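Each chain, letter by letter, is given below.
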Amino acid sequence: MTFTMPALARSLADYLAPELPGTTFYASPNQQGTRSPALFLRQTTARLSPQSSGVFLRRLGLDLVYQEQFHTVQEDSRLQAAADVMDQLLETFPYSTECGGPPAVLRTYDRHWEITGNALHYKFQLRLRLTRAEDAALMQSIQELNMEVRS
């Protein structure tokens, strides 16, 4: 199975969509034409550590940014409700590649959230064991990531 950022964004969108109805999911921050409520996926950190047998441990820091319409009544309570949904669902989640096949279950680490300004930042880390070829595919997909996922 090859890990890519577009597949990660799509997997998260598919998994969270039933619990965040009406939310538009974007694979990266969007400036114009954003429909609220919106959820953006941002990569914040990446660390690579060699392991035995030619395998690498890649630690990806991710930030799901959830935004409601600006300056609405009960904006904070809606952001907190979205954080509660993510707390309940994101200990593990199914990851599917674009090629199909059975999904893998990914575990999240170091989950925490904060509300800054008018956005919820739900941050977590993935720890992926990848071969050199998989890591190269991941790095290429990170560099090319510029897509929108709608649910």
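Residues numbered from 1 in each chain as written. Predicted model: local features only at pLDDT ≥ 70, side-chain atom pairs only at ≥ 80, totals over all residues. Heavy atoms only, no water.

Visitor: Tell me about the pattern of salt bridges, residues and numbers included.
Guide: Scanning the entire structure with this criterion turns up five salt bridges. Notably, a salt bridge pairs Asp110 with Arg127, separated by 3.6 Å at the nearest N-O pair. With Asp110 in strand β5 (residues 104-116) and Arg127 in strand β6 (residues 119-131), the pair connects residues that are 17 residues apart, well separated along the chain. Judged by relative accessible area, which is 49%, Asp110 ranks as partly exposed. (Salt bridge = Lys/Arg side-chain N within 4 Å of Asp/Glu carboxyl O. Helix = DSSP H or I, 4+ residues; strand = E, 2+ residues; numbered from the N terminus. Buried < 20%, exposed > 50% of the residue type's maximum accessible area, 1.4 Å probe, protein only.)

Visitor: Explain the pairing of β6 to me, using residue names and the numbers behind them.
Guide: In this sheet, β6 lies alongside strand β3 (residues 55-67) in antiparallel orientation, the contact comprising 13 bridges. Its bridge partner being in β6, Leu62 is matched across the sheet by Phe124. Relative to β6, β5 runs antiparallel, the two being bridged by seven bridges. Paired with Tyr109 across the strands is Gln125, a residue of β6. (Pairing = 2+ DSSP bridges.)

Visitor: How would you explain the confidence of the model for the protein chain if you had to name every residue and give the values?
Guide: Put simply, the protein chain has an average pLDDT of 82, and 80% of its residues get 70 or more. Considering only residues more than four positions removed or in separate chains, one finds that residues 145-151, a stretch of pLDDT under 50, has 26 contacts. (pLDDT = per-residue confidence, 0-100. Contact = heavy atoms within 4.5 Å.)

Visitor: Describe in detail the nonpolar core, supporting the description with residues and values.
Guide: In globular proteins that are soluble, nonpolar side chains generally tend to be buried together. The biggest cluster of nonpolar side chains holds 34 residues, and the ones touching the most others in it are Phe3, Leu8, Leu64, Met86 and Leu126. Elements represented by at least two residues in this core include exactly α1 (5-16), β2 (38-50), β3, α2 (75-89), β4 (92-95) and β6. When residues of this core are assigned to their parent elements, the largest contribution, seven residues, is made by α1. Leave out the neighbours within four places in its chain, and Met86 touches Leu20, Leu39, Leu64, Tyr66, Arg111, Leu120 and Tyr122. Counting five residues, the second largest nonpolar core, distinct from the first, contains Tyr26, Ala38, Phe40 and Val65. (Core = buried A, V, L, I, M, F, W, Y, C linked by side-chain atoms within 4.5 Å.)

Visitor: How would you explain α1 if you had to name every residue and give the values?
Guide: The first and last C-alpha atoms of α1 sit 16 Å apart over 12 residues, in line with the 16 Å expected at 1.5 Å per residue. Among all positions of α1, only Met5, Pro6, Ala7, Leu8, Ala9, Ser11, Leu12, Ala13 and Leu16 are buried. Backbone nitrogen of Ala7 and a side-chain oxygen of the N-cap are separated by 3.3 Å at the start of α1; the cap is Thr4. (Expected span 1.5 Å × (residues − 1). Polar contact = N/O pair within 3.5 Å; in protein donor to acceptor, adjacent residues only side chain to side chain.)

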